[in-house]
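# An overview of the molecular structure
The lines below spell out each chain.
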Amino acid sequence: MAPDTSHSDETESESSTAAGSPTTESEREVSNVVLVTIDSLRADAIAPYDADRISPVLTDLAADGTTFDRAFATGNWTPFSFPSILASEPVFARNGDIGVKDARTLASVLSEAGIATGGFNAANGFLTSHWGYPEGFDEFEPFVTSVGSSRYSRYLAAHPTVEAWIQLLASPFRRLKSKVSGQSDDRPFLDASRMFDVEDAATEFIDETDGPFFLWTHYMDTHTPYVPAPRYIREVSDGLVGTHRMLHAHTRTSLGLEVGERTLRDLRTLYQATVRQVDASVGRLLDALEAAGVADETAIVVAGDHGEEFQEHGHLAHYPKLYDELISVPLIVNVPGEDGGRVSRHVGLDAIPPTVADLLGVESPPEWRGESVAPAVRGDGEADPDRDPVVSVTVRGEEVTEQPIPRSMADGDLLVSVRDAEWTYIENADTGETELYHRPSDPTQQEDLSADPTDEELAVVERFAPIAADHVAELRDREGEAAGDDEVDEDLEARLEALGYR
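Residues numbered from 1 in each chain as written. Predicted model: local features only at pLDDT ≥ 70, side-chain atom pairs only at ≥ 80, totals over all residues. Heavy atoms only, no water.

### Here's the deal with the overall build of the chain
The helix and strand tally for the chain stands at 14 helices and 15 strands. Expressed as a percentage of its 502 residues, the buried residues of the chain come to 58%. In the chain, once contacts between residues fewer than 6 apart in sequence are set aside, the share between residues at least 24 apart is 73%. Carbon and sulfur atoms provide 47% of the accessible area of the chain, an area that totals close to 20400 Å². (Helix = DSSP H or I, 4+ residues; strand = E, 2+ residues; numbered from the N terminus. Buried < 20%, exposed > 50% of the residue type's maximum accessible area, 1.4 Å probe, protein only. Contact = heavy atoms within 4.5 Å. Areas by Shrake-Rupley, 256 points an atom, 1.4 Å probe, with all protein chains shown as cover.)

### Some remarks on unusual backbone geometry
A positive phi angle is found at Ser40, which is not glycine, with a value near 65°. Note on placement: Ser40 falls in the loop between β1 (32-38) and α1 (56-64). Here Ser40 falls in the buried class, since its relative accessible area comes to 0%. In this structure, Gln445 is a non-glycine residue whose phi angle is positive, near 55°. The residue Gln445 is located in the loop between β15 (434-438) and α13 (455-478) in this model.

### Describing the nonpolar core
Core analysis: the biggest nonpolar cluster contains 70 residues, and Val33, Phe68, Leu110, Phe214, Trp216 and Val356 have the highest contact counts within it. If you tally residues by element for this core, the top one is α13, at 6 residues. If near-sequence neighbours (up to four positions away) are discounted, Leu110 is found in contact with Ile115, Thr117, Phe214, Val356, Ala357, Leu360 and Val362. Judged by nonpolar contacts, the second largest core, of 50 residues, contains Ile46, Leu264, Leu289 and Leu316. (Core = buried A, V, L, I, M, F, W, Y, C linked by side-chain atoms within 4.5 Å.)

### Some thoughts on the confidence of the model for the chain
On average, residues of the chain score 80 in pLDDT, and 71% of them are at 70 or above. Here residues 1-28 is modelled with pLDDT under 50, and outside its nearest four sequence neighbours on either side it reaches 76 contacts, counting other chains as well. Below a pLDDT of 50 lies the segment residues 152-160, which in the model reaches 22 contacts outside its immediate sequence neighbourhood of four places, other chains included. (pLDDT = per-residue confidence, 0-100.)

### A word on the pattern of salt bridges
Going through the model one piece at a time under the given rule, you end up with 16 salt bridges. Close ionic contact of Glu112 with Arg104 constitutes a salt bridge, the shortest N to O distance being 2.8 Å. Under the relative-accessibility criterion, Arg104 is labelled partly exposed at 30%. For Asp358, the salt bridge identified is with Arg378, shortest N-O distance 3.6 Å. (Salt bridge = Lys/Arg side-chain N within 4 Å of Asp/Glu carboxyl O.)

### Section: the pairing of strand β11 (residues 341-348)
Across the 8 residues that make up β11, a large majority, 7, are buried. Note: strand β2 (residues 66-72) against β11, 6 bridges, orientation parallel. Each residue of the ladder has a partner; that of Ala71, found in β11, is Val347. (Pairing = 2+ DSSP bridges.)

### Description of the sheet that holds strand β14 (residues 423-428)
The antiparallel open sheet is built from 4 strands, whose spatial order is β12-β13-β14-β15. If you trace the sheet from one side to the other, it starts and ends with β12 (390-396) and β15, each paired once. Going across the sheet, the axis of each strand differs from the next one's by a mean of 15°, ignoring polarity. One ladder, built from 5 bridges, connects β14 with β15; its direction is antiparallel. Bridge pairing links Tyr425 to Leu436 in β15. The sheet contacts of α13 involve β12, β13 (413-419), β14 and β15, and relative to β13 the element is tilted by about 130°. (Axes fitted to C-alpha atoms, helices over the stretch in contact; angles between N-to-C directions.)

### Points about the packing of helix α6 (residues 195-208) against helix α9 (residues 261-291)
The interhelical angle for the contact between α6 and α9, taken along N-to-C directions, is 15°, at an axis separation of 9 Å. Looking at the two axes, α6 sits roughly parallel to α9. For α6 against α9, the interelement crossing comes out right-handed. Between α6 and α9, the contacting residues are Met195, Phe196, Glu199, Ala202, Thr203 and Ile206 on the first element and Gln277, Ser281, Arg284, Leu285, Ala288 and Leu289 on the second. Split by residue class, the contact of α6 with α9 holds 7 nonpolar, 3 polar and 2 charged. (Parallel < 35°, antiparallel > 145°, perpendicular 65-115°, else oblique. Left-handed = near helix turned anticlockwise from the far one by under 90°. Nonpolar A, V, L, I, M, F, W, Y, C, P; charged D, E, K, R; others polar.)

### Some thoughts on the packing of aromatic side chains
Throughout the structure, instances matching the rule amount to 14 aromatic pairs. Seen from their ring centres, Phe82 and Tyr133 are 6.3 Å apart, and the 90° between their planes marks the pair as edge-to-face. Residue Phe82 is located in helix α2 (residues 78-87), and its partner Tyr133 is located in the loop between β3 (116-121) and β4 (139-141); the two are separated by 51 residues in the primary sequence. For the pair formed by Phe82 and Tyr133, the shared burial category is buried. Aromatic ring contacts, followed pair by pair, group Phe82, Tyr133, Phe137, Phe140, Phe214 and Trp216 into a single cluster. (Phe/Tyr/Trp six-rings, centres within 6.5 Å; stacked < 30°, edge-to-face > 60°.)

### Some remarks on helix α11 (residues 352-359)
Burial of α11 is extensive: 8 of the 8 residues sit out of reach of the surface. For α11, the set of buried residues is Ile352, Pro353, Pro354, Thr355, Val356, Ala357, Asp358 and Leu359. Two residues or fewer past α11, Gly361 is found with a positive phi of approximately 75°.

### Concerning α1
Buried within α1 we find Val57, Leu58, Leu61 and Ala62. Mapping the buried residues of α1 onto a view down its axis gives an arc of 130°, with all of them on the same face. Exposed and facing more than 90 degrees away from the buried side of α1 are Asp60 and Ala63. Against β2, α9, β6 (298-304) and β10 (331-334) lie the buried residues of α1. (Arc of directions from axis to C-beta.)

### Digging into the side chain of Glu89
As for its position among the elements, Glu89 is in the loop between α2 and α3 (106-112). What Glu89 contacts, discounting residues up to four positions off in sequence, is Pro83, Ser84, Arg94, Gly99, Ala103 and Arg369.

Structure below.
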């Protein structure tokens with residue numbers, strides 16, 4: 001069950017700071033911001049949104065911070081979501097491309113304002129220089145180049161499940177070695193997810209940076225295949241899900257065999273264990289901030305880039321759909337000295353860049369689409385009942401299970417959804433098919449109300465359909481404007497294949 005929530009609302013305020021100019025140290029409430037994004041993290045996977053989950057670090061961050069109960073991604077997978085997270089713009093909106101090349105990214109705006117910037121991504125091939133993501137970062141490492149040149153290393157890069165099984169089989173021996181040598185058991189397993197690479201790079205950045213900084217870390221542990229360290233499986237389960245059950249569950253899914261209730265339950269357990277694994281890593285990052293003496297002046301923002309499906313609509317992972325299991329994500333903002341609370345108003349992830357800039361005293365550029373939620377975190381301002389609905393998009397090929405690397409909207413039908421705090425409207429812009437769901441009465445969106453709407457439901461459609469149409473029209477105006485070479489290098493291709501994309 002989700003915990004009870006109080007209903008506060010946010011408003012926006014204009015920064016009084018000149019564009020691109022940070023406030024002085026004496027005026028600054030927050031000197032640093034750490035943005036933690038977690039791939040495939042649905043909202044109900046962590047305890048602030050579902051009290052039955054085990055995520056003590058994120059629970060503490062939420063308890064001392066602000067939790068946004070209805071935060072929505074602007075796409076169902078990384079390349080469709082991250083333009084909003086790091087550039088506050090929808091995918092395809094600028095030049096028909098899935099990346100952020102030539103955009104006013106969060107890192108570039110902060111860097112121009114004299115704030116040190118570091119970005120570390122756990123080998124998600126969509127968050128690389130090919131799509132413009134290093135722009136504005138003083139230090140940037142996607143860890144994609146760690147594939148290596150040998151046939152063995154390239155095979156492991158393209159087959160992460162194999163690498164994960166090596167991790168699992170080696171884990172008991174690593175734990176034994178740790179005990180014999182008297183070392184800590186915190187990190188006894190192979191870093192198949194690149195979690196420790198990210199963690200180490202982030203810690204070094206914190207230790208070596210003087211003055212205000214912005215740090216972004218992106219975790220991949222919660223992306224399929226879910227292969228957590230055994231101790232985290234034990235922590236979130238009854239102890240009955242062992243290595244053999246993990247092998248069985250992933251083997252069935254990789255072979256396309258039917259996924260029964262037991263296998264689905266095992267996959268959910270493995271997923272929750274990876275959430276706890278990331279949760280522990282975030283705890284070590286917070287320890288690094290404490291050790292560096294900057295924890296009291298550092299704000300933490302945590303978000304999922306999209307969710308994950310466990311057959312709510314017939315599939316696993318995150319195929320091109322726009323239901324809540326893929327679009328509803330956690331958003332937590334923890335600011336030292338602020339009491340926080342819970343915010344019930346809907347908000348899109350394009351609010352992240354202006355919020356981070358606001359916290360650091362830097363004015364947002366006019367081309368950013370989102371609006372800062374820092375006023376809600378600080379508890380000031382008046383209610384804002386007129387916040388625009390959140391628009392999300394995806395592109396679907398002939399089959400839902402096709403996951404090609406998208407080059408443009410021409411890769412398939414364009415689907416767009418419009419959400420507020422209660423309603424979800426979905427439209428296939430190419431076929432004209434529509435869906436409507438009332439989430440308070442139908443939280444998993446199983447009952448489509450669009451076929452025979454009541455007057456109230458028809459009013460929602462009439463309100464949301466023009467928003468969807470305007471968004472589609474804008475994107476189509478940009479269609480075909482993408483320029484440059486679509487080819488990716490071998491290392492990047494290997495990593496994208498490892499994520500399940502061809």
